[in-house]
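Working through the structure, step by step
Here are the chains, one letter per residue:
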Amino acid sequence: MEMFEVGRSDDGDISILYIKGYLDAHTAPKLEQELQNLIDEGKYKIIVNFNELSYISSAGLGVFMGFIETIREKEGDIKLSSMNPKIFRVFDLLGFPTLYDILDTDEEAKKKFA
Amino acid sequence: FIMWNGIIIFAVLAVLIGIAVTAWNKKIDPNQLKQFVPPYIHRMKERERIKKELEIARKVQLSFLPNEVPRYPGIEVSTVCIPANEVGGDYFDFIDLGDDKFGVVIGDVSGKGIPAAFHMTLTKGFLKAQVKESYSPRDVLVKMNELFYENVRRGNFISMIYGVFDLKDQSFTFSRAGHNPVIIRSDQKQKIEQLCPKGIALGLEKGAVFGRFIEEMQIKISKNDMFVLYTDGVSEAMNDDKIEFGEDRLENIVKANSYLSAKEMIELIQQKIRDFVGNTAQHDDMTMIIVKIL
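Now for a quick tour of the structure.

Some words on the overall build of chain A
Summing up its helical and strand segments, chain A has 5 helices and 5 strands in all. Walking chain A from its N terminus toward its C terminus, one meets helices and strands in the order β-β-α-β-α-β-α-α-β-α. Expected size for 114 residues packed as a compact globule is a radius of gyration near 13 Å; at 13 Å, chain A falls within 12% of this value. Expressed as lengths along the three principal axes of its C-alpha atoms, the size of chain A is roughly 35 × 25 × 25 Å. A total of 114 residues make up chain A; the buried ones form 51% of that total. Here the contacts in chain A between residues at least 6 apart in sequence split such that 66% fall between residues at least 24 apart. Counting every atom, chain A has about 5300 Å² of accessible surface; 47% of that belongs to carbon and sulfur. Each charge sign in chain A was given a centre, from 13 positive and 21 negative side chains, and these centres are 3 Å apart.

Laid out in structure tokens, this is it:
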């Protein structure tokens, strides 16, 4: 199984998840668990940092869709940041930029929550 | 001495016969023998059963895909569809719309294997019901999005292109729902393009944003033009060094071999992919449709 890790840091009411490695059907449950933890803690302002992600499959993309409705209902959001061009292309082709804020840095993403 | 040996031999024989008669009388139940079969034999049988069911599923799924290409005067169509597992999530189809028009669809369901195959079958059902309602690819995909979003669990989506070739009008009209761009080689203009009109994949959003965002593009077709539609299993085919085949490599093959027929081109691309990936296993379903204007 390919390597996948999720790190977390909190900045006030905004939480940042750092995803690293390969996000596919096998590793997606790890990310799902982290997002669920945040929801359980009542943290709905979430940034996912893609800086160290090398691969994402459709199962990985599906994870965000599974949680976004609940989070937006609670006036929160999942913002995506720091994608490399290859990863961004995957999101871009599918039309994700129309539905999600995809930013170059965590700072820009935080500003979007203001 | 001989007498003692005789008694001992007789005693041993008597015990052996006694055991044999007892066992015979007990009539060992064959069903009880099952508990003596190791668990790994049970698992092997179960795996065999699943394997057979998947083979049957594969045949059923193949029956949902076209078994022949459209034959119209003036065009040549070639296709290839290779699932990564026994069943897959790629879908392609052709629709005879009459009046020298035919529809082409290519789709890639998220995920792979059995869940993707189920969603692929559902997609075919939705599409076949929709295409007769409207000639507009945009309208068809708007409706497909609504149906898919309503009926499938969040997290699943499909990228799709639906296009209509009008051989009377000499045009190709299409919309792209989050799918890889169409590669078009125009002989007249002596150039190759990747056309990527705006559009979100099906199943990501209920409909308002989808409908506002999706574009419909129409282009004129002329002799020797070649259209290449493909799923990302082709562009993302990986070699041992984890490098992807890529859209540019695909485009360059089409550009460099423009004189080939649709069938020859599809075989050449497959060969190039095979050479590129080497021994690396296929990790995603691969589908291509090539239409050449004669």
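Focus on empty space enclosed by the protein
All names here are of chain B. Counted by the stated rule, this structure contains 1 cavity of 30 Å³ or more. Of the voids in this model, the largest cavity is the one considered here, and its volume is about 90 Å³. Lining the largest cavity are R58, Q61, L62, L65, C81, P83, E86, G88, G89, D90 and D285. In terms of residue count, the dominant contributor to the lining of the largest cavity is helix α3 (residues 39-64) (3 residues). In the lining of the largest cavity, the residues fall into 4 nonpolar, 3 polar and 4 charged.

Definitions and limits used
Residues numbered from 1 in each chain as written. Chains lettered and ligands numbered in written order. Predicted model: local features only at pLDDT ≥ 70, side-chain atom pairs only at ≥ 80, totals over all residues. Heavy atoms only, no water. Helix = DSSP H or I, 4+ residues; strand = E, 2+ residues; numbered from the N terminus. Rg over C-alpha atoms; globule rule 2.2 N^0.38 Å. Buried < 20%, exposed > 50% of the residue type's maximum accessible area, 1.4 Å probe, protein only. Contact = heavy atoms within 4.5 Å. Areas by Shrake-Rupley, 256 points an atom, 1.4 Å probe, with all protein chains shown as cover. Lys, Arg positive; Asp, Glu negative; His and termini not counted. Charge placed at Lys NZ, Arg CZ, Asp CG, Glu CD. 1 Å grid on protein atoms, 1.4 Å probe; cavity = no way out; pocket = protein on both sides within 12 Å on 5 of 7 lines; lining within 4 Å. Points joined across faces, edges and corners; volume = space filled by probe spheres on them. Nonpolar A, V, L, I, M, F, W, Y, C, P; charged D, E, K, R; others polar.

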